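Structural features, examined
Below are the chains, spelled out letter by letter.
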Amino acid sequence: MTAPTAVHARAGVREWAGLVVLAFAVLLIAIDATVLDVALPFISADLAPSSPQLLWIIDVYSFVLAGLLVTMGSLGDRIGRRRLLLIGAAGFGLASLLAAFAVSPMMLIAARALQGIAGATLMPATLGLIRAIFADARQRVTAIAVWSAMAGGGAAVGPLVGGWLLEHFWWGSVFLVNIPLMLVLIVLGPMLIPESRDPNPGRFDIPSALLSMATMLPIVYAIKETAAHGPSITLAMIGLVGIGAGVAFAQRQRILEQPMIDLRLFRRPRFRTAVGTDFLSVFALAGVLFFGAQYLQLVLGNSPLQAGLLMLPGTATSVLASLLGAWLLRRYRVGAVLAGAVALSAIGAAIMLGTSADSGAGVFVVGFVLIGAGVGIALTTTSNLVVSSVPTARAGAASAVAETAYELGTASGVAILGSIVMGVFRRGLDTGALTSAQAGAAETLGGAHAVAAELADPAPFVESMQHTFVSGMHVAAAITVVVLVIAAISAARLR
């Protein structure tokens, strides 16, 4: 006798309305990862951060978020994902208020760190809730495509939102926009989103939580500082501390009856490749957004709003491609879809090698469109692979692994590719006509732009500034192409 086929209830109007609320939460978190890209010149002028402080203002949000995602994903499985979502929304709004009125670089860095803590409660809850709400596999792929569109599109639309706000208000306004939307989430969430948790979660393992943070934070710090200032024995030791904590974390997960992360998932090629591709795709997107926003404004002379509009085609393409990913996955082999998406992003990065200080923005726009399209399809594919690999009860923890890769990719893209661009810029910039104070102020592109305004004959310095920055972009783009080609070859093997 043939066993009956399991029938999963299909989602109705309330469930899809709940998805809209979750999508807004993801959109805001993703926007905050990149919204400051166009605001960097204004922050530099107002708060006068050093070059390392400027990178920390961007990086610390994603670094803290990445360090806490695994812990918060496991916590959400235990106390309820909706409850954690609402707590995170309140915390995110308060941290945004603090960031908006920061009066020093360190105050802004601290506020961004608090945003990262709150964001870590939101991200695994959203994808875990989607896994619980949409039991039907076909509907779930569509819901994940919407989630991916908001995650990828939000990261890309950040500069546009920031550009519009900076045209009308001061730089702190890029944070205030979060508050009304978080209030909407707090009000509508309990009405539209059902609670979801692991019915048999076991106890929350505090040593595992501490070890996960002790793993992520030293490693990402060592990566960032090495990229910015070069290798050193101190940074190597810090990195080894993180690796040691990671080994201890892995060993503890193997002996626990109910581990925070089931490491056996990494034995599955689909899960392993999905997490790795997540990291590399977002690494490329975040790096391009970091140097692209500065290129459009300070090299080509566009206003913040104009820069955001020039990024709009890539933003729109990323959103549409995320939705297209659901259609592609129903018709083609997952490995072919994922490899094709990453290869498309690699082609876009290669086109960036054709940018220059003397031409218009056309080459950049075309390259960014292809990168956005590839990343959009890739995020839908990898997110679906991850949440489909575990039962609903463990969706939060599994989602946290993928989102850790996403956030770490964002932070590493800014830290590594951004530091490469700025390293080439600092070494190649002609400071012969500057005083020592001016040369120190010209460590960043925004600082160099301000110094140029003080010179009697700024033309030679401006030319050096623009061409040297573009040279740094080319080096970063070439590295991105190599990384993405390797990722595409790996993804092509999936069945």
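Everything below is about the structure printed above this text.
**A closer look at the overall build of the protein**
Looking only at helices and strands, the protein features 18 helices and zero strands. Taking 23 Å as the expected radius of gyration for a compact globule of 495 residues, we find that the protein reaches 22 Å, a close match to that expectation. Taken along the three principal axes of its C-alpha coordinates, the protein extends 90 × 45 × 45 Å. Out of the 495 residues in the protein, the part that is buried amounts to 58%. Taking all contacts inside the protein whose residues are at least 6 apart in sequence as the whole, residues at least 24 apart take part in 83%. For the protein, the accessible area works out to roughly 18700 Å², and carbon and sulfur atoms hold 69% of it. Counting 28 positive and 23 negative side-chain charges, the protein places the centres of these two groups 18 Å from one another.

**Overview of the packing of helix 4 (residues 81–100) against helix 8 (residues 178–192)**
Describing two packed helices takes the angle between their axes plus the distance from one axis to the other. Contact geometry of helix 4 with helix 8 gives a least axis separation of 9 Å together with a crossing angle of 160°. Classed by the angle they form, the pair helix 4 and helix 8 counts as roughly antiparallel. The two elements helix 4 and helix 8 cross, and the hand of that crossing is left-handed. Across the interface between the two elements, Arg82, Leu85, Leu86, Ala89, Ala90, Phe92, Gly93, Ser96 and Leu97 of helix 4 pack against Asn178, Ile179, Met182, Leu185, Ile186, Gly189 and Pro190 of helix 8.

**Considering a nonpolar patch on the surface**
A grouping of Leu97, Phe101, Trp164, Phe169 and Trp170 is seen on the molecular surface, where their side chains present a nonpolar patch of about 530 Å² in accessible area. One can find Phe101 in the loop between helix 4 and helix 5 (105–133).

**Focus: the nonpolar core**
Across soluble globular proteins, nonpolar side chains have a tendency to be buried as a group. Residues Leu36, Leu108, Trp171, Phe461 and Phe469 are the most contacted members of the largest nonpolar core, which totals 122 residues. It is helix 3 (residues 51–79) that contributes the most residues to this core, 14 residues altogether. Once residues within four sequence positions are removed from consideration, Phe469 is found in contact with Phe291, Gln294, Tyr295, Val299, Val421, Met422, Phe425 and Leu445. Grouped together as the second largest cluster of nonpolar side chains are 30 residues, Ile261, Ala326, Val337 and Ala402 included.

**So, the packing of aromatic side chains**
Under the criterion given, the structure shown has eight aromatic pairs. Ring geometry for Trp327 versus Tyr332: centroids 6.4 Å apart, planes at 65°, classification edge-to-face. Of the residues examined, Tyr332 reaches a relative accessible area of 48% and is grouped as partly exposed. One aromatic cluster is present, formed by Tyr295, Phe364 and Phe368 through successive ring pairs.

Criteria and thresholds
Residues numbered from 1 in each chain as written. Predicted model: local features only at pLDDT ≥ 70, side-chain atom pairs only at ≥ 80, totals over all residues. Heavy atoms only, no water. Helix = DSSP H or I, 4+ residues; strand = E, 2+ residues; numbered from the N terminus. Rg over C-alpha atoms; globule rule 2.2 N^0.38 Å. Buried < 20%, exposed > 50% of the residue type's maximum accessible area, 1.4 Å probe, protein only. Contact = heavy atoms within 4.5 Å. Areas by Shrake-Rupley, 256 points an atom, 1.4 Å probe, with all protein chains shown as cover. Lys, Arg positive; Asp, Glu negative; His and termini not counted. Charge placed at Lys NZ, Arg CZ, Asp CG, Glu CD. Axes fitted to C-alpha atoms, helices over the stretch in contact; angles between N-to-C directions. Parallel < 35°, antiparallel > 145°, perpendicular 65-115°, else oblique. Left-handed = near helix turned anticlockwise from the far one by under 90°. Patch = residues over 30% accessible without salt bridge, like charges linked within 9 Å, V, L, I, M, F, W, Y side chains within 5 Å. Salt bridge = Lys/Arg side-chain N within 4 Å of Asp/Glu carboxyl O. Core = buried A, V, L, I, M, F, W, Y, C linked by side-chain atoms within 4.5 Å. Phe/Tyr/Trp six-rings, centres within 6.5 Å; stacked < 30°, edge-to-face > 60°.

So far we have only geometry, and geometry alone does not tell us how the molecule works.
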